[in-house]
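The chain contents come next:
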Amino acid sequence: MRPITSGIGSAPHRLAKRLAKPLSATLGTISDAHLRNSADLIERLKLIDFKKKKMVSFDIKSLYTNVSIEGAMNAMKRALTNISEDELPIKKKDYIELVSLCVNFGTFVFKEQEYVQHRGLAMGSPLSAVMASLYMETLEVDKFIRIIGRGSKWFRYVDDILVIMPEESNINNKLRMLNDVNEHIQFTVEMEMERKLPFLDTLIHREDSSAKFSVYRKPTNRDDIIHYLSRHSTRTKTGVIIGFYLRAIRICSDEFLSGEISYIIEAFRKLMYPSGLLHKLKNKAFMISIRSDKMNKEGDYLVVLYSKGAEVITNFLSTKGIHIAHAAGLRIRDIYLEDDLDEAPLPGLAETLAQELLPRRGYEELRAAGGSTLEKTSPPVRLQQEHEAQAQGLIQEGKDPQSLLKRSPRKPLLQRRTSPRGCI
């Protein structure tokens, strides 16, 4: 039995999030085996001669909880020598001290008893993935790549490793030697079957001297995707579909692309998406994939609860260079279990927001474009007004309305969030 603690919402979580971003820039500076994503993997594999080679993948058992904190700190210090102090938000000495503070915060409560975890990184901490990867980079350079031997190629994405090695290599012997390096970092192995091997979301097809690629889905895949009738914004739904198309374009070799596109269309048609929309988004995805000047997503984003009226704001403000992101808003649990009795939001907040963000002329254009929908009271406010009307009826009947009033949703319609990209 091993403890797994989550760093999400812990005392140093927000600090760890700020510290992780500059540290992420050091990934790959110790060992060039680090992979950024599946696209990076495919580009590297295209340069390899697969003649008289075989493929094997190794997986590390429970990497985060088995990483030595001391070893991770040493790996971080080693990586920081590859960047200048100007790339850090504070002095390097202070930066290292703050990282140490975050990764050594291993307290947790179990059955009302407080414990301290002495080894391993917390699951969910923004620093854990970066620190674990840097720790693996040091082991790769110092030990693992030497064990694999000359003529082999070692690629790693966090705890998943792909190795291209000579046909005559003894895999079981290599596995034993890898597991002898560190008693806590232990590997499992998967060998290719019928010249195929899954790695990340890619199925690698080994040919005589090269490799082909297709999208890999686990046998347990059920295609549980957003239904067309679900209450998600249109942007969310179309974004998911375009994402599936872009993944197919990014991964699939020519001979597998048409089959993957057909699979995507059929999967979304089962979820009641119109065929015309699916083909339109397919063409849009192909246009995006060949576009050289990618859209710059840096800058300020304003987070607004999703509604049909909010979509009108988003579509219009995007033409003015103002970025809007939609939040899902209240859940059913928030509506019926929330006891927060702060002052209720006022109707027309979205319209007031548009007035503040736009000059007078732009605001009038928004009104002309259909902004009158913003005047409608939002669903959470309507629910609250219904509850209060029911409460007034109970008072007239001489009953206690307190329990009913506590169910009134009291969350603000507008949320302001801060992200590393400078969201407001």
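What you are looking at is a predicted structure, and each value in this text was computed from that prediction instead of being measured.

Further remarks concern the packing of aromatic side chains. Considering all chains together, one arrives at seven aromatic pairs under this definition. Three or more aromatic residues link up through ring pairs in this structure, and these residues are Phe-58, Phe-144, Trp-154 and Phe-187. Note that Lys-237 overlies the ring of Tyr-228, its terminal NZ or CZ placed 5.5 Å from the centroid.

Looking now at the environment of Cys-102. Tracing the backbone through its elements, the reader meets Cys-102 in helix H5 (residues 92-103). Judged by relative accessible area, Cys-102 falls into the buried class, the value being 9%. The sequence separation of Cys-102 and His-13 amounts to 89 residues, and the corresponding C-alpha distance is 7.7 Å. Setting aside its immediate chain neighbours within four residues, Cys-102 contacts Pro-12, Leu-15, Ala-16, Leu-19 and Leu-127.

Before going further, it helps to spend a moment on the sheet that holds strand E8 (residues 202-206). Strand order in the open sheet formed by three strands is E7-E8-E9, and the pairing between neighbours is antiparallel. Each having just a single partner strand, strand E7 (196-199) and strand E9 (211-215) make up the two edges of the open sheet. Each strand of the sheet is rotated relative to its neighbour by a mean of 25°, with strand direction disregarded. Note that E8 and E9 share five bridges and pair antiparallel. If you follow Leu-203 over to E9, its bridge partner there is Ser-214. Sitting on the sheet, helix H8 (residues 234-251) is in contact with E8 and E9, with an inclination near 170° to E9. Packed onto the sheet, helix H9 (residues 254-269) meets E8 and E9 and runs at close to 10° relative to E9.

As defined by bridge partners, strand E2 (residues 107-110) adjoins strand E3 (residues 113-116) across four bridges and the pair is classed as antiparallel. For Phe-108, the partnering residue across the bridge sits in E3 and is Tyr-115. Linking two consecutive strands that pair antiparallel, namely E2 and E3, is a turn of two residues; a positive phi of about 55° is found at Lys-111 within it.

What follows deals with the side chain of Ser-128. Position of Ser-128 relative to the elements: it lies in helix H6 (residues 126-148). By relative accessible area, Ser-128 is classed as buried at 2%. A polar contact is formed between the side chain of Ser-128 and the backbone oxygen of Ala-122, at a distance of 2.5 Å. When neighbours within four sequence positions are excluded, Ser-128 is seen to be in contact with Tyr-64, Leu-121 and Ala-122.

Counting residues in each nonpolar core, the largest one holds 48 residues, and the members touching the most others are Leu-127, Met-131 and Phe-187. For this core, the secondary-structure elements that each account for two or more residues are helix H1 (13-24), strand E1 (53-60), helix H3 (63-66), helix H4 (69-80), H5, H6, strand E5 (160-166) and helix H7 (171-181). For this core, the element with the highest residue contribution is H6, accounting for 11 residues.

Moving on, we come to a negative patch on the surface. Residues Glu-85, Asp-86, Glu-87, Asp-94 and Glu-97 make up a contiguous surface patch of negative charge. Locating Glu-85 in the fold gives a position in the loop between H4 and H5. The class for Glu-85 is partly exposed, based on a relative accessible area of 41%.

On to the confidence of the model for the protein chain, then. Taken as a whole, the protein chain shows an average pLDDT of 80; of its residues, 73% reach a score of 70 or greater. In this model residues 370-383 is a low-confidence stretch, pLDDT under 50, and it forms 26 contacts with partners more than four residues away in sequence or in other chains. Contacts of residues 403-424 to residues separated by more than four positions or lying in other chains number 67 contacts, the stretch itself having pLDDT below 50.

The side chains of a regular strand alternate, first on one face of the sheet and then on the other. Burial runs high along E9: four of the five residues are buried. Hairpin connection of E8 to E9: four residues between the antiparallel strands.

Another aspect to go through is the packing of H6 against H7. Relative orientation of the contacting elements H6 and H7 amounts to 170°, with a least axis distance of 10 Å. One way to sum up the angle between H6 and H7 is to call them roughly antiparallel. Residues Lys-143, Phe-144, Ile-147 and Ile-148 of H6 touch H7, and the partners they reach there are Lys-174, Met-177, Leu-178 and Val-181.

Looking now at H5. The end-to-end C-alpha distance of H5, which contains 12 residues, comes to 17 Å, matching closely the 16 Å that a straight helix rising 1.5 Å per residue would cover. Of all the residues in H5, the buried ones are Tyr-95, Ile-96, Val-99, Cys-102 and Val-103. Mapping the buried residues of H5 onto a view down its axis gives an arc of 120°, with all of them on the same face. Facing away from the buried surface of H5 by more than 90 degrees, the exposed residues are Lys-93, Glu-97 and Leu-101.

Our next topic: the sheet that holds strand E4 (residues 153-157). Within a beta sheet, neighbouring strands are joined by backbone hydrogen bonds and run either parallel or antiparallel to one another. The antiparallel open sheet is built from four strands, whose spatial order is E4-E5-E1-E6. One side of each edge strand has no neighbouring strand; the edge strands of this open sheet are E4 and strand E6 (187-191). Across the sheet, the mean angle separating the axes of adjacent strands is 25° when strand polarity is ignored. Relative to E5, E1 is paired through seven bridges, and the arrangement is antiparallel. By the bridge assignment for E5, Phe-58 is matched with Ile-161. Along the sheet face, H7 touches E1, E4, E5 and E6 and points at about 160° away from the line of E6.

Rules used throughout
- Residues numbered from 1 in each chain as written.
- Predicted model: local features only at pLDDT ≥ 70, side-chain atom pairs only at ≥ 80, totals over all residues.
- Heavy atoms only, no water.
- Phe/Tyr/Trp six-rings, centres within 6.5 Å; stacked < 30°, edge-to-face > 60°.
- Lys NZ or Arg CZ within 6 Å of the ring centre and 35° of its normal.
- Helix = DSSP H or I, 4+ residues; strand = E, 2+ residues; numbered from the N terminus.
- Buried < 20%, exposed > 50% of the residue type's maximum accessible area, 1.4 Å probe, protein only.
- Contact = heavy atoms within 4.5 Å.
- Pairing = 2+ DSSP bridges.
- Axes fitted to C-alpha atoms, helices over the stretch in contact; angles between N-to-C directions.
- Polar contact = N/O pair within 3.5 Å; in protein donor to acceptor, adjacent residues only side chain to side chain.
- Core = buried A, V, L, I, M, F, W, Y, C linked by side-chain atoms within 4.5 Å.
- Patch = residues over 30% accessible without salt bridge, like charges linked within 9 Å, V, L, I, M, F, W, Y side chains within 5 Å.
- Areas by Shrake-Rupley, 256 points an atom, 1.4 Å probe, with all protein chains shown as cover.
- Salt bridge = Lys/Arg side-chain N within 4 Å of Asp/Glu carboxyl O.
- Lys, Arg positive; Asp, Glu negative; His and termini not counted.
- Charge placed at Lys NZ, Arg CZ, Asp CG, Glu CD.
- pLDDT = per-residue confidence, 0-100.
- Parallel < 35°, antiparallel > 145°, perpendicular 65-115°, else oblique.
- Expected span 1.5 Å × (residues − 1).
- Arc of directions from axis to C-beta.

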